[in-house]
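Now for the letters of each chain:
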Amino acid sequence: MTTGQDLTRHQLQYLVPSCYRAADTDDRLQRGALVHALRHTFATRVVAAGSLTYVALRHLAPDG
C-alpha cells in the first residue's frame, strides 16, 4: 500500500480488526461491527469538529 492511495474494502476489513486487537479492545465489539463502529466514530468526530452533517455524509458515501 502506497501513501496517498485509497484503501480497498479488503484492506480495510483486515486493518481495522488488527488495530482493535493491537489496542486490546477487540473483545468489546461484536464480530462484524468493527468497520461499522469506525464509520460512526469518524462521522461523530467530523461533526463534533464543526463540519456540517452533509459534509460528513459526503465523505462516507461509497463514491465519496
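What comes next is a walk through the structure. Values in this document were obtained by computation on a predicted structure and should not be read as measured data. (Residues numbered from 1 in each chain as written. Predicted model: local features only at pLDDT ≥ 70, side-chain atom pairs only at ≥ 80, totals over all residues. Heavy atoms only, no water.)

Some remarks on the overall build of the chain
Stated formally: We count a stretch as a helix when DSSP gives it H or I for four or more residues in a row; a strand needs E for two or more, and each element gets its number in order from the N terminus. Note on classification: 1.4 Å probe, protein chains only; a residue is buried when its accessible area is under 20% of the maximum for its type, exposed when over 50%, partly exposed between these limits. Exposure was quantified through the Shrake-Rupley algorithm and a 1.4 Å probe, taking into account, for residues, occlusion by the shown protein chains and nothing else.
Looking only at helices and strands, one finds 3 helices and 0 strands in the chain. Helices and strands in the chain line up, N terminus first, as α-α-α. For the chain, the residues scored as buried account for 16% of the 64 residues in total. For the chain, the computed accessible surface area is about 5600 Å², with 55% contributed by carbon and sulfur atoms.

Topic: helix α1 (residues 9-22)
Defined as follows: Multiplying one less than the number of residues by 1.5 Å gives the expected span of a helix.
Over its 14 residues, α1 extends 20 Å from the first C-alpha to the last, a length consistent with the 20 Å expected when each residue adds 1.5 Å. Just beyond α1, the residue with positive phi is Asp-24, at close to 60°.

A short note on helix α3 (residues 53-60)
Applied cut-off: Throughout, the arc means that of the directions going from the helix axis to the C-beta atoms.
Among all positions in α3, only Val-55, Ala-56 and Leu-60 are buried. Projection of α3 onto a plane perpendicular to its axis shows the buried side chains occupying an angular sector of 140°, all on one side. Exposed residues on α3 whose side chains face more than 90 degrees from its buried face are Tyr-54 and Leu-57.

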